[in-house]
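One-letter residues, chain by chain:
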Number of protein chains: 2
Amino acid sequence: MLIKYKDMIKEIKKEMRGGKGEVTITNIAMKDNLIHARLMAYINIPAGASIGEHQHVKEIEYYIILKGMGVVTEDGVEMKVKEKDVVITGGGSTHSIINNGNEELEMIAVIILE
Amino acid sequence: MLIKYKDMIKEIKKEMRGGKGEVTITNIAMKDNLIHARLMAYINIPAGASIGEHQHVKEIEYYIILKGMGVVTEDGVEMKVKEKDVVITGGGSTHSIINNGNEELEMIAVIILE
């Protein structure tokens, strides 16, 4: 099954997880095409925007950075991220991400349930 | 956990699944960081190279095209793919992918087990 980017369902999240600004989620796969997973999506974070701190219990999330740069804070530790870096968070850990650069940050997020 | 691209384990596959040329697999996550999944990787296919036809039984594979263009054949049906398109294949279906463009095709492949 081919899914063109323009046909993917988009959602705009304001102050996502207590973050700043608006984040756009573009769903690569929805419920009908996911197994053992609850999210597979492009996430676009404009300069200055963020996704606030949140916890992943009994699931694992992957942030795959496609373009731009930012800072991920995982369990209180800050990590600079850029294109092609991956952040893996699970086991009850918390993370947040902020785009502190001048251009859009684009990433793919995948959440797989335990 | 932050994984930098340069630290990901790379594998070069010659004539992968009976395809042409050499394909590079760069593992985003290995076994220790995967649940219900057996692959999460960047795949780079040079111009003219391909991954041959193969079947996905009791698992689902996602091809997320990052750059370049090519043709995916799913159950005998050809589909042109380009940046940001996604192909989802499972339920015993077969697929192959060829880079028939002039530049490298880069994609992310994820395989989740049923």
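Each remark here, short or long, concerns the structure printed above.
Here's what I pulled together on the structure shown here.

What counts, and where the lines are drawn
- Counting of residues starts from 1 at the beginning of each chain's written sequence and follows it residue by residue.
- To label them, take the chains in the order written and letter them from A, then take the ligands in the order written and number them from 1.
- Under the rules for a predicted model, residues below a pLDDT of 70 receive no local features and side-chain atom pairs below 80 are neither given nor counted, while totals for whole chains, interfaces and linings still include all residues.
- Side-chain measures were taken over the full set of non-hydrogen atoms in the model, leaving aside hydrogen atoms and water.
- In this description a helix means any DSSP run of H or I spanning at least four residues, a strand means any run of E spanning at least two, and both kinds are numbered starting from the N terminus.
- Here the globule rule is a power law, 2.2 Å times the number of residues to the power 0.38, and the radius of gyration is based on C-alpha atoms.
- Contacts are residue-level and defined by heavy atoms, with any inter-residue pair within 4.5 Å sufficient.
- Strand pairing requires that DSSP identify at least two bridges connecting the strands.
- For helices, the fitted axis covers only the stretch in contact; all axes are lines through C-alpha atoms, and the angles between them, taken along N-to-C directions, range from 0 to 180 degrees.
- When accessible area is computed with a 1.4 Å probe and restricted to protein chains, residues below 20% of their type maximum are described as buried, those above 50% as exposed, and intermediate ones as partly exposed.
- Identification of polar contacts relies on pairs of N or O atoms within 3.5 Å, with a donor-acceptor requirement for protein atoms, meaning one able to donate a hydrogen and the other able to accept it, and with residues adjacent in sequence counted only if both atoms are side-chain atoms.
- In summary, the pairing rule links any two rings of Phe, Tyr or Trp, Trp by its six-membered ring, whose centres are within 6.5 Å, and it sorts them by plane angle into stacked for under 30 degrees, edge-to-face for over 60 and tilted for everything else.
- Two conditions define a charge located above a ring, namely a distance within 6 Å from the ring centre to NZ of Lys or CZ of Arg, and an angle within 35 degrees of the ring normal.
- Reported buried area values correspond to the accessible surface (1.4 Å probe) lost by two parts on association, with both partners' losses combined.
- Every case where a carboxyl oxygen of Asp or Glu lies within 4 Å of a side-chain nitrogen of Lys or Arg is listed as a salt bridge.

1. As for the overall build of chain A
Line of reasoning, step 1. Helix and strand counts for chain A stand at 0 helices and 11 strands.
Line of reasoning, step 2. Reading the secondary structure of chain A in the N-to-C direction produces β-β-β-β-β-β-β-β-β-β-β.
Line of reasoning, step 3. Taken over the C-alpha trace, chain A has a radius of gyration of 13 Å; the compact-globule value for 114 residues is 13 Å, and the two agree within 12%.
Line of reasoning, step 4. Principal-axis analysis of the C-alpha atoms places the extent of chain A at approximately 40 × 30 × 25 Å.
Line of reasoning, step 5. Restricting to contacts in chain A with at least 6 residues of sequence separation, those with at least 24 account for 61%.

2. A look at the sheet that holds strand β10 (residues 94-98) of chain B
Residues and elements named next belong to chain B.
Line of reasoning, step 1. Read from one edge to the other, the open sheet built from 4 strands follows the order β5-β10-β7-β8, with strand pairing classed as antiparallel. Each having just a single partner strand, β5 (50-55) and β8 (77-82) make up the two edges of the open sheet. Strand-to-strand twist across the sheet, computed as the mean angle between neighbouring axes with direction ignored, equals 15°.
Line of reasoning, step 2. Here strand β7 (residues 69-74) runs beside β8; their pairing, made up of 6 bridges, is antiparallel. Bridged to E74 within β8 is V77.

3. Looking at the environment of K10 of chain A
Residue and element names in this part refer to chain A.
Line of reasoning, step 1. In this structure, K10 sits in strand β2 (residues 10-14).
Line of reasoning, step 2. Residue classification places K10 among the partly exposed residues on the basis of a relative accessible area of 43%.
Line of reasoning, step 3. Each C-alpha atom, one on K10 and one on Y42, is 9.3 Å from the other, the two residues being 32 residues apart in sequence.
Line of reasoning, step 4. Those residues in contact with K10 that lie beyond four places of it in its chain are Y5, I25 and T26.

4. Digging into the environment of E104 of chain A
All names here are of chain A.
Line of reasoning, step 1. Structurally, E104 can be placed in the loop between β10 (94-98) and β11 (105-113).
Line of reasoning, step 2. Between the C-alpha atoms of E104 and K80, which are 24 residues apart in sequence, the distance is 15 Å.
Line of reasoning, step 3. Not counting residues up to four positions away in its chain, the partners in contact with E104 are N44, I45, A47, K67, G68 and N99.
Line of reasoning, step 4. One polar contact links E104 to N44, side chain to side chain, over a distance of 3.1 Å.

5. Focus on the packing of aromatic side chains
Each aromatic ring pair is described using two quantities: the centre-to-centre distance and the angle formed by the ring planes.
All names here are of chain A.
Line of reasoning, step 1. One pass over the full model with this rule turns up 2 aromatic pairs over all chains.
Line of reasoning, step 2. When the ring of Y5 is compared with that of Y42, the centres are 5.3 Å apart and the planes differ by 80°; the resulting orientation is edge-to-face. On the criterion of sequence distance, the pair formed by Y5 in the loop between β1 (2-3) and β2 and Y42 in strand β4 (residues 37-45) is long-range, its members being 37 residues apart.
Line of reasoning, step 3. With a relative accessible area of 1%, Y42 lands in the buried category.
Line of reasoning, step 4. Over the face of the ring belonging to Y5 we find K10, whose NZ or CZ atom lies 4.5 Å from the ring centre.

6. Considerations on the side chain of E106 of chain B
Residue and element names in this part refer to chain B.
Line of reasoning, step 1. Structurally, the position occupied by E106 is in strand β11 (residues 105-113).
Line of reasoning, step 2. Relative accessible area serves as the criterion here: at 5%, E106 is assigned to the buried category.
Line of reasoning, step 3. In this structure the side chain of E106 is engaged in a polar contact, spanning 3.1 Å, whose partner is the side chain of N44.

7. Some words on the environment of A49 of chain A
Line of reasoning, step 1. Along the chain, A49 of chain A falls in the loop between β4 and β5 (50-55).
Line of reasoning, step 2. When the C-alpha atoms of A49 of chain A and S93 of chain A are compared, they prove to be 22 Å apart, with 44 residues separating the residues in sequence.

8. Quick word on the interface of chain A and chain B
Line of reasoning, step 1. On the chain B side, the residues contacting the 36 residues of chain A number 36 residues.
Line of reasoning, step 2. For the pairing of chain A and chain B, the buried interface totals around 3,000 Å² over both sides, and the portion due to carbon and sulfur atoms is 66%.
Line of reasoning, step 3. Area buried by chain A at its contact with chain B is led by M1, I35 and K84 of chain A, which between them contribute 21% of it.
Line of reasoning, step 4. On the surface where chain A and chain B come into contact, there are 4 salt bridges.
Line of reasoning, step 5. One salt bridge connects K4 of chain B with D85 of chain A, and the closest N-O pair in it is separated by 2.8 Å.
Line of reasoning, step 6. On the surface where chain A and chain B come into contact, there are 16 residue pairs in polar contact (both at pLDDT 80 or more).

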